[in-house]
Amino acid sequence: MAGRSFKHFSILPGFWPALGFSVLYLSLIVLAPLSAVVLKTTTASWAHFWGTITSPSVVASYRLSFGASLAAAAINAVFGLLVAWVLVRYSFPGKRLVDALVDLPFALPTAVAGIALTTLYTEHGWIGRLLARVGIRVAFTPLGVLVALVFIGLPFAVRSVQPVLEDLDAEIEDAAASLGASRWRTFTRVVFPLLRPALLTGFAMSFARALGEYGSVVFISGNMPMRTEITPLLIMTRLEQYDYAGATAIALVMLVASFALLLAINLLQWRSRRYAEAR
Amino acid sequence: MAIEVRHINKTFGSFAALRDVNLEVKGGELLALLGPSGSGKTTLLRIIAGLETPDPEPAGSVLFEGRDVTSQRTGDRRVGFVFQHYALFRNMTVFENVAFGLQVRPRGQRPAENQIRRRVKELLQLIHLEAMADRYPTQLSGGQRQRVALARALAIEPKALLLDEPFGALDAKVRQGLRRWLRRLHDEVHVTSILVTHDQDEALEVADRVVVMNQGRIEQVGTPEEVFHHPASEFVMDFMGSVNLFHGRIDSGKAVFGPLVLDRPETAANGKAARLFVRPYDLDIHHAHNGKPGLRARVKRVQSAGPQVRVELLAETGEAVVVEMSHAHYRDSRVNPGDGVYVSLRDGRVFTEDYAI
Amino acid sequence: MKRQDPLLLRCGLTAAALLFLAVFVALPLFAVFAQALEKGLAAYWTAIADPDALASIRLTLLAAGIAVPMNLVFGLAAAWAIAKFQFPGKNLLITLIDLPFAVSPVISGLIYVLMFGAQGWLGPWLSDRGIKIIFAVPGIVLATIFVTFPFVARELIPLMQAQGTEEEEAALVLGASGRQLFWRVTLPNIKWSLLYGVILCSARAMGEFGAVSVVSGHIRGETNTMPLHVEILYNEYNFAGAFAVASLLALLALVTLVAKRLLERKMRQDYADFKAAESAEG
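Residues numbered from 1 in each chain as written. Chains lettered and ligands numbered in written order. Predicted model: local features only at pLDDT ≥ 70, side-chain atom pairs only at ≥ 80, totals over all residues. Heavy atoms only, no water.

A closer look at the interface of chain A and chain C
Short version of the rule: The criterion used for residue contact is that any of the two residues' heavy atoms lie within 4.5 Å. The buried area of a pairing is the accessible area, by a 1.4 Å probe, that goes missing from both parts when the two are put together, added over both. Here a salt bridge means any side-chain nitrogen of Lys or Arg lying within 4 Å of a carboxyl oxygen belonging to Asp or Glu. Distance and chemistry together define a polar contact, namely a pair of N or O atoms within 3.5 Å, with one atom able to donate a hydrogen and the other to accept it when in protein, and with adjacent residues in sequence counting only for side-chain atoms on both sides. Starting at the N terminus, helices and strands are each numbered in turn, a helix being any DSSP run of H or I of at least four residues and a strand any DSSP run of E of at least two. Charged residues are taken to be Asp, Glu, Lys and Arg, nonpolar residues to be Ala, Val, Leu, Ile, Met, Phe, Trp, Tyr, Cys and Pro, and polar residues to be all remaining types, Gly included.
Contact with chain A, which involves 87 residues of that partner, is made by 93 residues of chain C. Roughly 7,900 Å² is buried in total at the junction of chain A and chain C, and carbon and sulfur atoms are behind 80% of that figure. If you look at where chain A meets chain C, you find 2 salt bridges. Asp-103 of chain A is paired through a salt bridge with Lys-260 of chain C; the nearest N and O atoms lie 2.7 Å apart. Counting every contact that joins chain A to chain C gives 8 residue pairs in polar contact (both at pLDDT 80 or more). Examining the composition of the side of chain A that touches chain C, we find that 18 residues originate from one element, helix H1 (residues 15-43) of chain A, more than from any other. Split into classes, the residues belonging to the side of chain A that touches chain C amount to 66 nonpolar, 13 polar and 8 charged.

In structure tokens:
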């Protein structure tokens, strides 16, 4: 019987067609094109590669992309926890609507989010107007980038923590209270440690999404050289100048960062799953 | 339909589930495959059904009425299989579940719509669930689901009915009721049936013959009486019910276990170590020594809540002994915790290394 | 009896959470529609009925119309192989399927430029035969397929793994053929998650911006999808027009959210039924 040693025998039909097609499709659509990035960088000269990824504007973009993503993820971790907490534990009119709304940043096309946010935060925008009076400018500054990244990262933070909060055993908190702990104590010493893995995962996923984000950010950032250029934009501009090698070089840096994050997230989720099972 | 398996071996990775299994199932009988988990009974059943294949080396075979079906697709074998967790099609009604086997037949062999409907109705009446025909499996209780699974298996008029621990997931009371119902069904329908179970009460109550399996091998095949009262090995005796175990020796035609001695003149295992297996109801308790050989013991505990009275004792040799007696007998015996008594033997099975005597 | 936080705390936290959501999530959504209708309903319809806008809608639907069925077939095949069989490398395969999620949209477009662009691997070969992929519709379709690649598979794999293989085995013993097995047993058991996966896939396919922007060439009326058209209008300061088209995409997003709400319960049932069958009952 063909492939007896590869898969455990099963009487269900269609294994080889299904697997064969899947692997073929995966290779053609995902693996081959992705490997093109790696291969292209090997054909370019090292000098060009190094020069590109260390050029001042590119380095400035790293600072902006990484910095803003990190800050946005942190903000989302805090407010994501808040939103999840309120959704799980409290009731108020319209809660189901609000719960559905949390997914909006994930469902909304990035370009739409981009222009909407820009319109809101320019000096004539509804919010920008108010902030301008206090001397704060959001649109076309790194702050604007931050706002956009908070927007798109929120669902990941909330949805990571929500199921853990829902599954939280009320008995644990009752036990703490019966032992004399105040609410705050109970939260910090009992509840929060249980939430930490999920929060970390939510943070990491927010961060990963923010790092590669383009559409939501590219409008509100203003794309001013050395100041508000995000890294994906620089890939775009290199491409428009037909500097494929340069674009690929920057892309490789981003891919390495993304995959490292993906690995970290998978490890985190694997660990928290083991933790949950041990309970 | 008679079923035969010859030289069946099955390994999963490094685990040997079945080792050189040979078995003949008589046409029309209800056979129980009994054993603890890991004994291979489910694997054997699935091989007969065609849900698994035996190892190709050394070659084994499955025969239906003498015909080799080892390489035949499971769908072509015309057997009915009842899974432990029912495996009902959750998105089909009870009716559609039972009708499934008939509806998937190729055009040429498929019965007409109204014939299918009639057959399904008959079966639903047989299992007393006609009122549930339009319900979905999630709306049924466990016992009802299992009956539907049975009806579904019977719908295709199978040549054999294979049941994999069908009542394992049910409450004790439901299990007992369904067990008896299955036996009555078999008496009516007379399909060759093989039942896998780890519950020896179930096997003894329901089956015509019992196959006791352990670690991939068949230990004994026989009627319930044979297997229970004449176990062929220690494992069978131990598995089929509670036993008391004593250690001793064979000494010139007698099996000696402390003060308990049994005549075993025909044995050739002189001088060898031996083990004595005694059922709790084959032991008697006496307050005074009455001339018969008796083991001195002290009564530790008396459990009278149950169909029999269970007396737990500690023998002077340090062994724990359990004796069972009827309530009437117990009342007459006036045995109490703390009493020093004698335990005598009515019958027992002696096993040495290689022999059962 | 769950301990209730003090009323003041509850109100405070709830208000804070709602304020955050209102400012960061609800307001942008509202702004889209407000800006779209700012110049009145007539201007709105004009913007949408504009030939270039209509062309962008057609192209968006075309790209989604190709990408979604292909990823649907892939999702079914991959989930079948992964969920119903044991083979080495399964976890690797699952991780690889998730790769497109981890790749930035711009890079998702870049990789196809590297393969099919003028300087790409197959560039010369393609231009010799007059086949245009980059800066033409095929490139857009490919980039769309890439970014929506995992959606259906991700919905199906955990579900089919949880459902196991018993129903399929039962069907086979009863004599079902492979096709009957798939259509009558497997498919009905996964229909809600499948539907949801398709909806997610379609929504993302129609809304993708970064990847499509790279491969598109931005030729008005020809290689612009709706998101790209929004960008063009916005950069020309035609805000009413940009938001008009954007509002259609926002409506699509709302449909996705509604669908999720409606399907959530049914999807959870597909998991729950299976577990219920295992609990012992009378």
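There is more to say after this.
Observations regarding the sheet that holds strand S7 (residues 160-164) of chain B
All names here are of chain B. Going by this rule: For two strands to pair, DSSP has to find at least two bridges joining them. Axis angles are defined between N-to-C directions and span 0 to 180 degrees, where every axis is a line fitted to C-alpha atoms and, for a helix, only to the segment in contact.
The mixed open sheet is built from 6 strands, whose spatial order is S6-S7-S8-S3-S9-S10. With partners counted over all chains shown, the strands left at the sheet margins are strand S6 (79-82) and strand S10 (217-222), one partner each. On average, adjacent strands in this sheet sit at an angle of 15° to one another, irrespective of strand direction. As paired elements, strand S3 (residues 30-34) and strand S8 (residues 192-197) share 5 bridges and run parallel to each other. Bridging from a neighbouring strand, Leu-30 pairs with Ser-193 of S8.

Section: the confidence of the model for chain A
The test is simple: As a per-residue measure, pLDDT reflects the predictor's confidence and takes values from 0 up to 100.
Mean pLDDT over chain A works out to 86, with 95% of the residues at or above the 70 mark. The secondary structure element of chain A with the lowest average pLDDT is helix H13 (residues 244-278) of chain A, at 80, and the one with the highest is helix H6 (residues 110-121) of chain A, at 93.

Describing a nonpolar patch on the surface
Stated formally: Candidates for patches are residues over 30% relative accessible area with no salt bridge; among them, like charges are joined within 9 Å and nonpolar side chains (Val, Leu, Ile, Met, Phe, Trp, Tyr) within 5 Å. In these tables, accessible area is a Shrake-Rupley quantity obtained with a 1.4 Å probe, and a residue counts as shielded only by the protein chains included in the view. When a residue's accessible area, from a 1.4 Å probe over protein chains only, is under 20% of the maximum for its type it is buried; when over 50% it is exposed; and in between it is partly exposed.
Taken together, the side chains of Leu-39 of chain A together with Trp-121, Leu-122, Trp-125 and Ile-131 of chain C present a nonpolar region at the surface, about 480 Å² in accessible area. Among the structural elements, Trp-121 of chain C can be located in the loop between helix H5 (105-116) and helix H6 (123-128). The exposure class of Trp-121 of chain C is partly exposed, given its relative accessible area of 45%.

Examining a positive patch on the surface
Condition: A positive count includes Lys and Arg, and a negative count includes Asp and Glu. His and the chain ends are not counted in either. One atom stands in for each charge, and that atom is NZ of Lys, CZ of Arg, CG of Asp or CD of Glu.
Residues Arg-96 of chain A together with Lys-191, Arg-265, Lys-266 and Arg-268 of chain C make up a contiguous surface patch of positive charge. Top element by residues in the positive patch is helix H13 (residues 239-278) of chain C. It accounts for 3 residues. Looking at where Arg-268 of chain C falls in the secondary structure, it is placed in helix H13.

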